[in-house]
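# Understanding the architecture of this molecule
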Amino acid sequence: MSRSSSHMPGSSQQQQPGGSGVGAPQSLKLTELDQIWGDLREGIEQVYKGEGMSRPRYMELYTHVYNYCTSVQQQSTSKTTSSSGRSKKSAGSGGGSGGSGAQFVGLELYKRVREFLKHYLLALHKDGDDLMDEEVLRFYTKQWEAYQFSSKVLNGVCAYLNRHWVKRECEEGHKGIYEIYQLALVTWRDHLFAPLNRQVTNAVLKLIERERNGEPINTRLVSGVMNCYVELGLNEEDPSAKGQILTVYRNHFEKTFLEDTERFYTRESNEFLRSNPVPEYMKKAEARLMEERKRVQVYLHETTLEKVASTVEKVLIKMHLEILHAEFQHLLHDDKHDDLARMFQLVSKIPDGLPELRSLLEQHISNQGLSAIDRCGESVINDPKLYVLTILSVHRKYNSLTLTAFNNDTGFVAALDKACGKFINNNLVTRPPNSSSKSPELLAKYCDLLLKKSSKNPEEAELEDTLNQVMIVFKYIEDKDVFQKFYSKMLAKRLVQHMSASDDAEASMISKLKQACGFEYTSKLQRMFQDIGVSKDLNEQFRRHLGNSVSAGDTLDLDFSVQVLSSGSWPFQQGQSFTLPPQMERCISRFTTFYSNQHNGRKLSWLYQMSKGEVVTNCFKNRYTLQASTFQIAVLLQFNAGTRWTIGQLQAMTSIPQEILVQVVSILLKVRIVECEEGEDPNNLSSDSTISLFTNYKNKKLRVNINVPMKTEMKIEQELTHKHIEEDRKLLIQAAIVRIMKMRKVAKHQQLLLEVLQQLSPRFKPRVPIIKKCIDILIEKEYLERIDGQKDTYSYLA
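What you are looking at is a predicted structure, and each value in this text was computed from that prediction instead of being measured. (Residues numbered from 1 in each chain as written. Predicted model: local features only at pLDDT ≥ 70, side-chain atom pairs only at ≥ 80, totals over all residues. Heavy atoms only, no water.)

Let's shift gears to the sheet that holds strand E8 (residues 784-786). With antiparallel pairing, the three strands of this open sheet are ordered in space as E7-E9-E8. One side of each edge strand has no neighbouring strand; the edge strands of this open sheet are strand E7 (746-748) and E8. Neighbour-to-neighbour, the strand axes of this sheet turn through a mean angle of 30 degrees, independent of strand direction. Examined bridge by bridge, E8 and strand E9 (residues 793-796) share three bridges and lie antiparallel to one another. Following the sheet pairing, Leu784 is matched in E9 by Tyr796. In this fold helix H26 (residues 749-760) packs onto E7 and E9, with an angle of close to 90 degrees to the strand it touches most, E7. Across the face of the sheet, helix H27 (residues 768-780) comes into contact with E8 and E9 while running at roughly 100 degrees to E8. (Pairing = 2+ DSSP bridges. Helix = DSSP H or I, 4+ residues; strand = E, 2+ residues; numbered from the N terminus. Axes fitted to C-alpha atoms, helices over the stretch in contact; angles between N-to-C directions. Contact = heavy atoms within 4.5 Å.)

Further remarks concern the packing of aromatic side chains. One pass over the structure, following the stated rule, counts 33 aromatic pairs. The interplanar angle of 20 degrees and the centroid separation of 6.1 Å between the aromatic rings of Phe591 and Tyr595 together place this pair among those described as stacked. With Phe591 and Tyr595 both in helix H21 (residues 582-598) and four residues apart, this pair spans about one turn of that helix. Each member of the pair, Phe591 as well as Tyr595, carries the same accessibility label: buried. An aromatic cluster is built from Tyr48, Phe116, Tyr120, Tyr140, Trp144, Tyr147 and Trp188, whose rings are joined through pairwise contacts. Sitting above the plane of the Phe474 ring, Lys480 keeps its charged end 5.3 Å from the centroid. (Phe/Tyr/Trp six-rings, centres within 6.5 Å; stacked < 30°, edge-to-face > 60°. Buried < 20%, exposed > 50% of the residue type's maximum accessible area, 1.4 Å probe, protein only. Lys NZ or Arg CZ within 6 Å of the ring centre and 35° of its normal.)

Right, let's talk about the sheet that holds strand E6 (residues 703-705) for a bit. Across the sheet, three strands lie side by side as E1-E2-E6; this open sheet has mixed pairing. Each edge of the sheet is formed by a strand with only one pairing partner; in this case those strands are strand E1 (612-616) and E6. Across this sheet, the average inter-strand angle for adjacent strands is 25 degrees, counted without regard to direction. Taken together, the five bridges between E1 and strand E2 (residues 625-629) define a ladder with antiparallel strand orientation. Looking at E2, one finds that Lys612 is bridged to Ser629. Contacts from helix H22 (residues 630-637) reach E1 and E2, with the element oriented near 120 degrees to E2.

This part is about helix H17 (residues 460-476). Counted at 1.5 Å a residue, the expected span for H17 with its 17 residues is 24 Å, and the 25 Å between its end C-alpha atoms agrees. Along its buried surface, H17 packs onto helix H14 (384-404), helix H15 (410-425), helix H16 (438-451), helix H18 (480-496), helix H19 (503-517) and helix H20 (519-547). (Expected span 1.5 Å × (residues − 1).)

Within the largest apolar cluster, 166 residues are counted, with the highest numbers of intra-cluster contacts made by Trp188 and Tyr229. Ranked by residue count, the leading element in this core is helix H6 (residues 180-212), at 16 residues. Contact partners of Tyr229, with chain neighbours within four places excluded, come to Tyr140, Phe193, Asn197, Val200, Thr201, Val248, Tyr249, His252 and Phe253. Counting 48 residues, the second largest nonpolar core, distinct from the first, contains Leu538, Phe639, Val664 and Val704. (Core = buried A, V, L, I, M, F, W, Y, C linked by side-chain atoms within 4.5 Å.)

As structure tokens, then:
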């Protein structure tokens with residue numbers, strides 16, 4: 001029987017771990033172990049002494065192992081006449097003589113190698129037994145590196161033994177059998193690591209502590225020991241299994257290292273906090289966390305990273321969380337953004353560490369907002385610009401803080417939103433009786449200031465940016481229906497009086513409101529815009545109609561234009577009784593006829609209180625053009641017929657209600673176009689008060705606007721707006737109750753209240769007594785009924 005094999009050894013000049021051996025001799029001989037062991041042992045000693053080895057010598061050692069194993073297989077083959085070259089018999093694990101297979105002789109060779117390694121390490125142990133600290137580390141790491149390399153060379157020499165005998169033993173489930181390199185590791189573990197590991201581990205821990213105290217150390221000593229501890233982790237159940245087993249590293253180093261780490265930082269953190277402020281402590285903690293991460297990267301196993309980070313975070317942060325929370329308030333008060341960012345980064349590493357910070361931030365922002373509004377004083381109640389800009393300054397400051405210091409964390413953003421909602425809806429302005437909805441009213445007035453024509457109107461881009469800022473405040477307003485009412489009234493006036501600074505800005509604002517609250521919220525606002533566009537076309541048609549009139553009598557003596565508004569979209573009241581001056585009556589009559597012909601069935605209701613015009617004076621030294629309301633024009637035109645009139649006479653000629661007429665005359669007195677009789681009080685006019693034309697009237701401007709709002713009109717309008725808001729709310733609440741009950745059929749009182757609040761909260765916050773009142777109204781209207789025998793339960797009536 002012949003065998004051939006092709007194996008290439010390593011370099012001829014030096015030892016090579018893991019070499020593959022040499023070719024088999026042409027004729028196999030029976031080789032006894034004693035024949036080869038002397039030379040093989042001498043070669044193994046040469047390897048472990050670290051002496052250089054030539055390639056032929058390495059081949060000789062490999063051949064000894066190869067010949068020995070194959071010769072026994074030849075002997076076994078002659079006895080069993082097997083052509084496979086493998087023994088049919090299975091030897092036990094003990095020694096003995098007789099016709100046994102490769103396993104028997106493999107075991108003997110295996111045992112002799114094991115004994116050699118054991119005695120080698122026992123001798124080595126004596127040299128290191130008395131060493132301590134760095135000396136033991138230098139000894140251990142030096143010997144380990146040499147031993148590990150030599151064992152890899154030995155593993156190469158015994159490669160044939162590994163591939164056949166060791167492999168079969170492992171496959172058959174025999175315990176305590178390893179490949180030669182693993183055998184070397186087990187032997188090191190049992191005879192050098194076991195007696196020395198305590199002093200080696202202690203020396204490593206001392207070295208790490210010295211480094212923590214700022215001393216430079218030789219990190220190669222630590223990494224060498226760690227490499228050894230990791231390498232010694234073996235899967236003894238399955239020696240051929242791949243992957244690292246970290247049992248030795250964890251049990252003999254990592255566990256003690258983590259305990260040591262906890263003790264070190266507990267002591268250090270307590271001492272540092274006793275003598276240093278908290279911001280300095282946070283810098284120290286941040287630096288220590290980075291050091292420990294770097295330490296793992298440099299010389300510990302990567303799996304330790306998470307554990308050591310967790311340990312250090314627990315000691316440096318979690319144990320001192322109360323101190324950090326207390327300091328957070330001071331840092332907020334002093335605007336220490338860097339320190340706040342550092343605290344956020346540290347505390348965010350601790351589970352459930354941030355909720356307390358969020359709560360403290362929310363309370364702080366709320367207090368700062370209230371204080372900022374209080375500092376403005378009572379004047380802020382009537383100053384929309386000051387009020388809104390004060391709110392925005394607080395929001396801008398803490399929004400910036402949330403972005404930069406708190407990394408825009410969703411919890412901190414929510415805290416900012418809650419705090420802003422609190423102080424915007426409940427502050428100095430909203431606390432007086434009947435002022436709970438003052439915030440949305442002032443915000444709407446600020447929008448009116450921005451969008452109304454004035455000498456201070458900003459550029460388009462700046463205005464757009466300001467409107468975006470307004471929407472930030474709008475987001476926090478609870479009573480969005482109040483804002484809608486006031487905004488729509490002011491928009492209506494701007495459009496009717498041609499006072500909008502920019503149509504694009506008006507459209508942009510409506511678009512923003514639509515995006516925030518939906519189509520229904522802005523539908524009337526959009527229809528107002530459409531009406532103004534339609535009215536422009538209508539006026540053009542009317543002018544063409546007049547131009548096409550043949551008879552001269554059909555022409556108008558006045559430049560006349562009309563705005564036709566849809567009654568359901570505009571927030572105006574029906575006009576008061578009023579007698580038009582003859583000069584204007586013809587225009588109204590002609591347009592009414594024209595419109596009726598264009599739109600059959602539609603009725604025009606004239607809003608004289610919203611109308612205006614221009615009057616040219618011929619009674620003063622200079623010729624003035626007065627921009628006046630229709631009521632003012634009606635009064636002034638009476639002075640063409642006479643220069644002195646009583647209030648009663650003016651009221652009879654114009655049919656303007658006396659309360660309104662007094663306001664009209666008061667404005668004319670104020671601008672000194674008319675004057676009271678001597679001895680009469682202009683602030684206390686009655687029906688008998690006499691008014692005369694002031695012929696010495698002078699003004700630097702030739703065009704004078706005397707059309708200013710009347711106090712009574714403004715007060716009535718404000719009261720009506722709030723009244724309409726309350727009425728609208730009752731209808732919205734009733735509609736919500738019906739929707740819910742239609743879907744539920746039956747509902748408990750508390751459940752119904754909660755669902756109504758939930759549905760209406762985007763528009764306003766309904767008061768519970770009003771909801772209860774609306775439920776009673778719907779029961780009276782037979783939309784709902786109370787179920788007999790069931791407390792607080794309602795049923796829907798289809």
